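Each chain is listed here by its residues.
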Amino acid sequence: MLERQGITMNQKKLRRLYREEKLQVRRRGGRKRALGTRRPMLVPDRANICWSLDFVSDALTDGRRFRVLAVVDDYTRECLALVADTSLSGIRVVRELDAVIARRGRPSAIVSDNGTELTSMAILRWCQQTGVEWHYIAPGKPMQNGFVESFNGRFRDECLNETLFTTLAEARAAIRSWKEDYNQHRPHSALGNRTPAEFAAQISLETRAA
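The rules we used
- Residues numbered from 1 in each chain as written.
- Predicted model: local features only at pLDDT ≥ 70, side-chain atom pairs only at ≥ 80, totals over all residues.
- Heavy atoms only, no water.
- pLDDT = per-residue confidence, 0-100.
- Helix = DSSP H or I, 4+ residues; strand = E, 2+ residues; numbered from the N terminus.
- Contact = heavy atoms within 4.5 Å.
- Buried < 20%, exposed > 50% of the residue type's maximum accessible area, 1.4 Å probe, protein only.
- Polar contact = N/O pair within 3.5 Å; in protein donor to acceptor, adjacent residues only side chain to side chain.
- Phe/Tyr/Trp six-rings, centres within 6.5 Å; stacked < 30°, edge-to-face > 60°.
- Lys NZ or Arg CZ within 6 Å of the ring centre and 35° of its normal.

Enquirer: Before we go on, may I ask you to explain the confidence of the model for the protein in this structure?
Expert: In this model, the protein carries a mean pLDDT of 86, and residues with pLDDT of at least 70 account for 79%. Mean pLDDT across the elements of the protein bottoms out in helix α1 (residues 11-21) (65) and peaks in strand β3 (residues 79-85) (98). Contacts for the low-pLDDT stretch residues 27-34, under 50 throughout, to residues beyond four places or in other chains number 14 contacts.

Enquirer: I'm lost on the side chain of Ser-120 in this one. Help?
Expert: Looking at where Ser-120 falls in the secondary structure, it is placed in the loop between β4 (109-112) and α3 (121-130). Residue Ser-120 is classed as buried on the basis of its relative accessible area, which comes to 12%. A polar atom in the side chain of Ser-120 sits 3.0 Å from the backbone oxygen of Glu-117.

Enquirer: Just to check I follow, could you spell out the packing of aromatic side chains for this structure?
Expert: Each aromatic ring pair is described using two quantities: the centre-to-centre distance and the angle formed by the ring planes. Taken as a whole and judged by the stated rule, the model has nine aromatic pairs. Both rings, one in Trp-126 and one in Trp-134, keep their centres 6.2 Å apart while their planes meet at 85 degrees; by these two values the pair is edge-to-face. Taken together through their ring pairs, the aromatic side chains of Phe-151, Phe-155, Trp-178 and Tyr-182 make up a single cluster. Above the ring of Phe-55, the side-chain terminus of Arg-67 is found at 4.1 Å from the ring centroid.

Here's what the structure looks like:
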């Protein structure tokens, strides 16, 4: 308005007037992100109470990077998903979670870190639509997501570090085979030396009997 009327004003005088009149310039906020909750998580006492989610990175022999989305049930220790791709956006994470839910039902809560994909608008909308509570661990505290961190260590040592992949298709096939072996044939000490699949089946039978 002042410029249109041919009036000029230096910055110092303008700031002084703003202070005297107690005016404020509206600041632009950052983009919306899913906030989730940070209160302490309880140890689950049955399946589908809490899932843990994280990403693992690796590379093909030609140097191209890819990532793997890992989803684990904290109680049964089952690996619910291992999704490998060169890009895994928040929208893709939502799609993969919906696929898992279609097979086994909806969890009460999901635990993850604060990665960009996991604090995206896609995740925020998904939580609002499904009613699933999303719990974010404190920055720099990966052991707050200890179940999937332990799983990722085993997955990396026994699969990713032991195999050279020339194509993404090869990586997906090897990862799919490892996931099947982990769930169906690998005894887990925390489950009384039963496999995750055996433990989950036994718990399901006991629940129905009760």
